[in-house]
Amino acid sequence: MSDPAATLTQLLRPVFDDLVGSEAVAEGESPDPTVRPSDRADVQINGALPLAKKLGVNPRELAQRIVDSGALAEIADLEIAGPGFINVTFSASFLADQLAPVAADDDLGIGVDPDPLQVVVDYSAPNVAKEMHVGHLRSTAIGDALVRTLEARGHTVKRENHVGDWGTPFGMLIEHLLDMGETEAAAALSLGDLNSFYKEARVKFDGSEEFQERSRQRVVQLQGGDPETLRLWEILVDLSAAYFNTVYQKMGVLLTDDDLVGESFYQPLMPGVVERLSAADLMVESDGADVVFPPGFVNREGDPLPLIIQKGTGGFNYATSDLACIIDRTERIGADLILYVVDAGQSQHFQMVFAVAHMAGWLHDDVEAVHIPFGIVLGTDRKRLKSRSGEPVRLVALLDEAVARADAAIAEKNPDLDEANRAAVARSIGIGAVKYSDLSTDRIKDYVFDFDRMLAFEGNTGPYLQYAHARICSIFRREGVDRASVRSVAIDLAEPQERALARHILAFPSAVDAMLETYSPHKLCTYVYELATAFSAFYEHCRIKGSIEPTYSSRLALADLTARVLERSLGLLGIDAPEQM
Ligand code: ARG
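Rules of the game
- Residues numbered from 1 in each chain as written.
- Predicted model: local features only at pLDDT ≥ 70, side-chain atom pairs only at ≥ 80, totals over all residues.
- Heavy atoms only, no water.
- Helix = DSSP H or I, 4+ residues; strand = E, 2+ residues; numbered from the N terminus.
- Buried < 20%, exposed > 50% of the residue type's maximum accessible area, 1.4 Å probe, protein only.
- Contact = heavy atoms within 4.5 Å.
- Areas by Shrake-Rupley, 256 points an atom, 1.4 Å probe, with all protein chains shown as cover.
- Lys, Arg positive; Asp, Glu negative; His and termini not counted.
- Charge placed at Lys NZ, Arg CZ, Asp CG, Glu CD.
- Near = heavy atom within 4 Å.
- Polar contact = N/O pair within 3.5 Å; in protein donor to acceptor, adjacent residues only side chain to side chain.
- Core = buried A, V, L, I, M, F, W, Y, C linked by side-chain atoms within 4.5 Å.
- Pairing = 2+ DSSP bridges.
- Axes fitted to C-alpha atoms, helices over the stretch in contact; angles between N-to-C directions.
- Parallel < 35°, antiparallel > 145°, perpendicular 65-115°, else oblique.
- Left-handed = near helix turned anticlockwise from the far one by under 90°.
- Nonpolar A, V, L, I, M, F, W, Y, C, P; charged D, E, K, R; others polar.
- Disulfide = S-S within 2.5 Å.
- Salt bridge = Lys/Arg side-chain N within 4 Å of Asp/Glu carboxyl O.

A. View of the overall build of the chain. Looking only at helices and strands, the chain has 22 helices and 13 strands in total. The C-alpha extent of the chain, read off along each of the three principal axes, is 90 × 70 × 40 Å. A buried classification covers 51% of the 581 residues belonging to the chain. Across the chain, contacts joining residues at least 24 apart in sequence account for 73% of those joining residues at least 6 apart. Total accessible area on the chain stands at roughly 26300 Å², and carbon and sulfur atoms take up 50% of it. A gap of 6 Å separates the mean positions of the 53 positive and 88 negative side-chain charges of the chain.

B. Main features of the environment of alanine 63. Its place among the elements puts alanine 63 in helix H4 (residues 59–68). According to the relative accessible area criterion, alanine 63 is buried, its value standing at 0%.

C. Examining the site of the ligand more closely. Every residue close to the ligand is listed here: Asp122, Ala125, Asn127, His162, Tyr318, Asp322, Tyr340, Val342, Gln346 and Phe350. Between the ligand and aspartate 322 there is a distance of 2.8 Å, counted from a nitrogen atom to a side-chain nitrogen or oxygen. Glutamine 346 is positioned with one of its side-chain polar atoms (N or O) 2.9 Å from an oxygen atom of the ligand. Burial of the ligand by the protein amounts to 87% of the accessible area it has alone, namely 350 Å².

D. Region of interest: unusual backbone geometry. Cis rather than trans, the peptide bond between glutamate 549 and proline 550 has omega equal to 5 degrees. Turning to its location among the elements, proline 550 is positioned in the loop between helix H21 (521–541) and helix H22 (551–572). Even without glycine at this site, serine 124 takes up a positive phi of about 75 degrees. Structurally, serine 124 can be placed in the loop between strand S5 (118–122) and helix H6 (134–152). With a phi close to 45 degrees, alanine 125 is a non-glycine residue in the positive phi region. Within the fold, alanine 125 resides in the loop between S5 and H6.

E. The nonpolar core, seen in detail. Among the nonpolar cores identified, the biggest contains 154 residues, and Leu8 and Phe449 are the most heavily contacted of them. Non-local contacts of leucine 8, meaning those with residues more than four positions away in its chain, are made with Val35, Val43, Ile45, Leu72, Ile75, Val88 and Phe90. Within the second largest apolar cluster, 35 residues are counted, among which are Val261, Cys325, Ile333 and Ala369.

F. Representation of the side chain of serine 124. A relative accessible area of 3% places serine 124 in the buried class. Reaching out from serine 124, the side chain makes a polar contact with the side chain of threonine 140 at a distance of 2.9 Å. For serine 124, the residues in contact, after removing those within four places along its chain, are Met132, His136, Ser139, Thr140, Asn161, Tyr248 and Leu255.

G. Spotlight on the sheet that holds S5. Taken in spatial order, the four strands make up an open sheet running S6-S5-S10-S11, and their pairing is parallel. With partners counted over all chains shown, the strands left at the sheet margins are strand S6 (156–160) and strand S11 (368–371), one partner each. Going across the sheet, the axis of each strand differs from the next one's by a mean of 15 degrees, ignoring polarity. In terms of strand pairing, S5 meets strand S10 (residues 337–340) through four bridges, oriented parallel. Counted as the bridge partner of valine 121 is leucine 339 from S10. Strands S5, S6 and S10 of the sheet are contacted by H6, whose axis makes an angle of about 160 degrees with S6. With respect to the sheet, helix H13 (residues 318–332) is in contact with S5, S6 and S10, its orientation differing from that of S10 by roughly 145 degrees.

H. View of the packing of helix H15 (residues 395–413) against helix H16 (residues 419–439). Between H15 and H16, whose axes approach to 7 Å, the crossing angle comes to 125 degrees. One element, H15, and the other, H16, form an angle in the oblique class. Crossing angle aside, the handedness with which H15 passes H16 is right-handed. In contact with Leu399, Ala402, Val403, Ala406, Asp407, Ile410 and Ala411 of H15, H16 contributes Arg422, Ala423, Val425, Ala426, Arg427, Ile429, Gly430, Ile431 and Val434. Residue composition of the contact of H15 with H16, grouped by class: twelve nonpolar, one polar and three charged.

I. The arrangement of the pairing of strand S4 (residues 85–90) in detail. Bridge analysis of strand S2 (residues 43–45) against S4 gives three bridges, and the strand direction is antiparallel. What sits directly across from isoleucine 45, in S4, is isoleucine 86. As paired strands, strand S3 (residues 76–81) and S4 are joined by six bridges and run antiparallel to one another. Its bridge partner lying in S4, alanine 76 is registered against phenylalanine 90. Linking S3 back to S4 in an antiparallel pair, the connection comprises three residues, with glycine 82 at a positive phi of about 55 degrees.

J. Region of interest: the state of the cysteines. This model, assessed by the stated rule, comprises zero disulfides. Looking at the unpaired cysteine 525, the closest cysteine sulfur is the one in cysteine 473, lying at 20 Å.

K. Quick peek at the side chain of serine 215. The residue serine 215 is located in helix H10 (residues 209–223) in this model. A relative accessible area of 2% places serine 215 in the buried class. In this structure, serine 215 is in contact with Gly171, Met172, Glu175 and Phe205, ignoring residues within four places of it in sequence.

L. Representation of the pattern of salt bridges within the structure. Applying the stated criterion to the full structure yields 36 salt bridges. The partner of aspartate 144 in a salt bridge is arginine 148, with the nearest N and O atoms 2.8 Å apart. Residue aspartate 144 and its partner arginine 148 are located together in helix H6, separated by four residues, close to a single helical turn. On the accessibility criterion, aspartate 144 (1% relative accessible area) is buried. Of the charged contacts, one joins glutamate 419 and arginine 422 as a salt bridge, the two residues approaching to 3.8 Å between their closest N and O atoms. Here glutamate 419 pairs with arginine 422, and both are found in helix H16, just three residues apart, close to one helical turn.

M. Spatial organisation of the environment of alanine 502. For alanine 502, the position within the fold is in helix H19 (residues 496–506). As a C-alpha pair, alanine 502 and glutamine 98 span 404 residues in sequence and 9.2 Å in three-dimensional space. When neighbours within four sequence positions are excluded, alanine 502 is seen to be in contact with Leu99 and Leu493.

Now the structure itself:
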């Protein structure tokens, strides 16, 4: 256990149990010491107050008895404050003892969750034959960070890219493909120009009744499983998937073809959803459609809101495919937890789908589904980010521009970097900047996409954190010391900045847990930023170069450990940590 607060709580438990008496403990009434962060000390023990109330004694006297127990004498300075709080300042030697196992651990104290889960993460989910835009950036970046962090905690994660690869638009898309000629169309689509292809099809559809009719028939053939239609449909899906892959590679996320489980996958499972819902007597007819009314959902007029399962025409809905998806994920994959990283605009859809899945018994106490909503990406004008022509901005264009800008910044900052290295570093910085600016604000809020701000080398930005890491690497290069050689050196925390830095390093596992508790990458971002800031303060006040032993090696060891935590936490966010920049 590297977190000092956790060690403190463990040491306090028997003291509190003693105070409340063995009978109460036997009845399962162990009081909680309640160790909380504090501004005035390292942490504060707040548990004496409720315990004193329960025992009917003076809280300050009870706090004194806790101090007098001597349980914490070895590890901290204690001071009773206010009505009976105990302020705790850890001793430098205790903190140094806590650091040693972290330095020896490849996982830097993260540890495996005692209750590992089978998790499905549904994220990215662009639509076939449509361009990826900034909304997909958010889902892809947040989903990727969650996947990496869940895996680091020992959970088994199944990534699912729920691409939109089915539905009525495919009629017109296939007809357009035929009009263009397969080879021509394939060439156009493999260039990644998905917007024009889709728009051309749309224009024809809106302008020609004959084309509309053809498209409609094509949809019927697609749904009927006509082999030739399916072959054409597959061309569209494969070319789009290849394009999505180039974007994923650019972004440096984990998604591959193996993770594609699009809407089409759930089509054969839809009749089963209908059967099971009606067998459970949940389905009613409303306005000629088969629907379920989950309790608690009403429209503006206060009328109950239906979740439409099957339309009068026999067709299924988006909701039906998400219900099929829940059955598949729970019953085939055996998921304990299903996360949906999808924009906040779909919140009601998911709440209703989950409610119906609960009514049907597909979700229950042992299987949880969580919608992880996120806000909109705004332009510097604070309106939804658009290109000059008023269209959604292509994600690739944004990524490429970020890399080009990073390249120019590096050329100026570090002209000695050779061409090949520079390209790789520029990519790490540009992509890292885009991801970090997305991940570092509370996901539920909208955020402003601003190249100048995200690429700045100062402030809470990706480049600043990458630079903190690269700077530590360069200290070792200049000193001519191998980083691994200082990993077993005893660390001495004499200066307040050394102590503060050590406290931050030890808080890493708690930061990871805090992020996963609410699925909020920004909490880990804030942690990394504070760690980099603590390192700056340390580096300014505590000389490394020219200091004497054992201080020299101790400080190098602290610097190395900081760099490892920086690299690891950036890694959990899906961001590279180059060694020079
Ligand atoms: N393709 C959908 C869209 O672009 C997102 C799918 C999200 N996942 C889901 N299971 N519904 O809006």
